[in-house]
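Report on the structure
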Amino acid sequence: MKKLWKNCHIATMQDGKYNSIEHAALVTFGQHIHWIGRESDIPNDNYAETIDLNGAWLTPGLIDCHTHSVFGGNRSVEFEQRLQGVSYAEIAANGGGIASTVRATREASEDELLASALKRIRCLLKDGVTTIEIKSGYGLDYLNERKMLRVIRQIANILPMTVRSTCLAAHALPPEYKGQSDAYVDHICTEMLPKLHQEGLVDAVDAFCEYLAFSPAQVERIFNTAHALNIPVKLHAEQLSSLGGSSLAARYHALSADHLEFMTEDDVKAMASSGTVAVLLPGAFYFLRETQLPPLESLHQHGVRIALSSDLNPGTSPALSLRLMMNMGSTLFRLTPEQTLAGVTIHAAHALGLQDSHGSLEVGKVADFIAWEIEHPSEIVYWLGGDLPKRIIQHGNEIFV
Ligand SMILES: [Zn+2]
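An unreviewed UniProt entry annotates the chain as Imidazolonepropionase originating from Acinetobacter beijerinckii CIP 110307. Taken from UniProt, the Pathway (unreviewed entry) comment for the chain reads in full: "Amino-acid degradation; L-histidine degradation into L-glutamate; N-formimidoyl-L-glutamate from L-histidine: step 3/3." Looking at the Subcellular location (unreviewed entry) heading of the UniProt record, one finds this comment for the chain: "Cytoplasm".

This is how it looks when you write it as structure tokens:
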């Protein structure tokens, strides 16, 4: 069924630029974009439906390419304690921090995890996000990681969104393996990953490469297992220290390396040559009051694609709006609104391996787009929060959240 969407302007985001078409129209055929161009050139055809968009600006549906949006409980009480002066070390010693989220996630049933995640992800959808990546990583054993990944698959069946599932079993060391991180990595490589992959639950494999998590040598073993299973990899790298994780990610042709505050010029070059996307996470940078900026000039200079994401998680980025993250990314990381919009569309699609079908408005790609009531695309990045009036179209159908 062909639908004609007319009376609009379009920021296609092809090649990471607005590539604007003013006084434009778009034709969808089923779930895909069939034609795109100027209103004066609309092809003569029998359209099942014609939709007047009242001069709205169309952009691709937004892509949130790094979230931990499935978890039990939340950490607002710890947030309060921290601001009362209790140190993170004390909170962790009392069973707080990531350990408390692991406990709450293990205690929650699939239905409970699903219900709480849906509430958060609906906020993102309402904000214009039509594709989301969600990581496991709070279960840290086979059954609980499996539970999280199954919830992620269910979210894809319930919400009108494209959902990618990433196994982050190497997020933290589970309490059962205290002092035996190599044994846990063995367990991931020989038991968890092969089984979870066989059940069809894993689209990508991620790990947290950091002095307080897993070493580059351990990450390399996990990446080797992922490669043997033919699963693409991603990495949390260089958030708190410089371990060469992003170079390691590049060596394994990772889809993305994420955070990157402490990456070096050599890391940047390695990522540029492998085409690995740099995913920057302004929410965590802000929430942890970080001061070390990622090497932005160097990333631009070497032509590394930069994506932005909410990093939605209970500990360091309880972010329910990708648009707010876009404003923060622009302000904190000095990205232009055009670069920022590219960071949540075409570059974010690359970070998920979805660049051939998602992330820009081009003939043949899926018809995921947002019709924003704005005067110029920069407004999407300019406003701080709020509910920007919009219509959300996913796979050629308008959806109502
Ligand atoms: Zn993360």
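Surrounding the zinc ion are the protein donor atoms His66 (NE2), His68 (NE2), His236 (NE2) and Asp311 (OD), at 2.0 to 2.8 Å. Metal-centred angles of 78 to 167 degrees between the four donor atoms at the zinc ion mark the site as irregular. When the donor residues of the zinc ion are listed from N- to C-terminus, their spacing reads H-x1-H-x167-H-x74-D. Residue His66 is located in the loop between β5 (62-64) and α1 (76-83), and its partner His236 is located in strand β9 (residues 234-237); the two are separated by 170 residues in the primary sequence. The exposure classification of His66 matches that of His236, with both residues buried.

With that out of the way, let us pick up the packing of helix α5 (residues 142-158) against helix α6 (residues 181-198). For the pair α5 and α6, interaxial distance at closest approach is 10 Å and the crossing angle is 30 degrees. With respect to α6, the axis of α5 lies roughly parallel. Once α5 is placed against α6, the crossing between them reads as right-handed. Contacts between α5 and α6 involve Tyr142, Glu145, Arg146 and Leu149 from the first element and Met192, Lys195 and Leu196 from the second. Considering only residue class, the contact of α5 with α6 consists of four nonpolar, no polar and three charged.

Take the sheet that holds strand β1 (residues 2-10) next. Strands sit in the order β3-β2-β1-β4-β13-β14-β15 across an open sheet of seven strands; the sheet is mixed. Only two strands of the sheet have a single neighbouring strand rather than two, namely β3 (32-38) and β15 (397-399). This sheet shows a mean twist of 40 degrees between the axes of neighbouring strands, independent of strand direction.

So, about the sheet that holds strand β12 (residues 306-308). Strand pairs in the sheet, formed through backbone hydrogen bonds, run parallel or antiparallel to each other. Ordered in space as β5-β6-β7-β8-β9-β10-β11-β12, the eight strands form an open sheet in which the pairing is parallel. At either end of the open sheet lies a strand with only one pairing partner, and these are β5 and β12. Mean inter-strand twist for the sheet, computed between neighbouring axes without regard to direction, equals 25 degrees. Pairing of β5 with strand β6 (residues 129-135) involves three bridges; the strand directions are parallel. Bridging from a neighbouring strand, Ile63 pairs with Thr131 of β6.

UniProt's entry tags His66, His68, His236 and Asp311 with the feature "binding site: Zn(2+)" (unreviewed entry), counted in the numbering of this structure. The greatest C-alpha distance among the residues just named is 12.3 Å, despite their covering 246 residues of sequence, which places them together in space. With sequence-adjacent residues up to four places away left out, His66 is seen in contact with Glu133, Lys135, His236, Asp258, His259, Val279, Leu281, Ser309, Ser310, Asp311 and Leu312. Of the polar contacts made by the side chain of His66, one reaches the side chain of Asp258; its length is 2.7 Å.

Following the sequence through the fold, His68 ends up in the loop between β5 and α1. Between the C-alpha atom of His68 and that of Gly315, which follows or precedes it by 247 residues, the distance is 10.0 Å. His68 has contacts with Lys135, Tyr138, Leu168, His171, His236, Asp311, Leu312, Asn313 and Pro314, leaving out every residue within four places of it along the chain. Within the structure, the side chain of His68 is placed 3.4 Å from the side chain of His236, a separation counted as a polar contact. At 3.3 Å, the side chain of His68 and the side chain of Asp311 are in polar contact.

The next subject is the packing of aromatic side chains. Think of a pair of aromatic rings as described by two things: how far the centres are apart, and how the planes are tilted against each other in angle. Scanning all chains against the criterion turns up eight aromatic pairs. With 5.3 Å between their ring centres and 90 degrees between their planes, Trp5 and Phe369 make a pair best called edge-to-face. Taken together, the residues Trp5 in strand β1 and Phe369 in strand β13 (residues 369-372) connect sequence positions 364 residues apart. The exposure classification of Trp5 matches that of Phe369, with both residues buried. Between Phe71 and Tyr138, the ring centres sit 6.4 Å apart and the planes meet at 75 degrees, which makes this aromatic pair edge-to-face. Of this pair, Phe71 sits in the loop between β5 and α1 while Tyr138 is found in the loop between β6 and α5, placing the two residues 67 residues apart along the sequence. On the basis of relative accessible area, Phe71 is assigned to the buried category, the value being 3%. Chaining the aromatic ring pairs together yields one cluster made of Tyr177, Tyr184 and Phe214. The ring of Phe29 carries Lys2 above its face, with NZ or CZ at 5.6 Å from the centroid. Lying over the aromatic face of Tyr142, Lys195 brings its terminal NZ or CZ to 4.4 Å of the ring centre.

Grouped together as the largest cluster of nonpolar side chains are 97 residues, with contacts concentrated most on Val70 and Ile155. Split by domain, this core shows at least three residues from each of two domains, domain 1 (2-60 + 359-399) and domain 2 (62-72 + 98-351). Apart from residues lying up to four places away in sequence, Ile155 is in contact with Val70, Leu114, Ala117, Leu118, Ile121, Ile134 and Val163. If you look at the next biggest cluster of nonpolar residues, it comprises 17 residues, including Trp5, Ile33, Ile51 and Leu361.

What follows concerns the domain arrangement of the chain. By domain assignment, the chain separates into domain 1 (2-60 + 359-399) and domain 2 (62-72 + 98-351). Centre-to-centre separation of domain 1 and domain 2, based on C-alpha positions: 29 Å. At the interface, 29 residues of domain 1 touch 25 residues of domain 2. When domain 1 packs against domain 2, close to 2100 Å² is buried across both sides, 63% of that on carbon and sulfur atoms. Of all residues in domain 1, Tyr18, Gly359 and Val381 bury the most surface against domain 2, accounting for 25% of the area lost on that side.

What counts as what
Residues numbered from 1 in each chain as written. Predicted model: local features only at pLDDT ≥ 70, side-chain atom pairs only at ≥ 80, totals over all residues. Heavy atoms only, no water. UniProt positions renumbered as here; feature names shortened; annotations may be inferred. Donors = N, O, S within 2.8 Å, 3.2 Å for Na, K, Ca; no water. Tetrahedral: all angles 85-135°; square planar, octahedral: opposite > 155°, others 65-115°. Helix = DSSP H or I, 4+ residues; strand = E, 2+ residues; numbered from the N terminus. Buried < 20%, exposed > 50% of the residue type's maximum accessible area, 1.4 Å probe, protein only. Axes fitted to C-alpha atoms, helices over the stretch in contact; angles between N-to-C directions. Parallel < 35°, antiparallel > 145°, perpendicular 65-115°, else oblique. Left-handed = near helix turned anticlockwise from the far one by under 90°. Contact = heavy atoms within 4.5 Å. Nonpolar A, V, L, I, M, F, W, Y, C, P; charged D, E, K, R; others polar. Pairing = 2+ DSSP bridges. Polar contact = N/O pair within 3.5 Å; in protein donor to acceptor, adjacent residues only side chain to side chain. Phe/Tyr/Trp six-rings, centres within 6.5 Å; stacked < 30°, edge-to-face > 60°. Lys NZ or Arg CZ within 6 Å of the ring centre and 35° of its normal. Core = buried A, V, L, I, M, F, W, Y, C linked by side-chain atoms within 4.5 Å. Domains from an automatic or database assignment. Buried area = accessible area lost by both parts, 1.4 Å probe.

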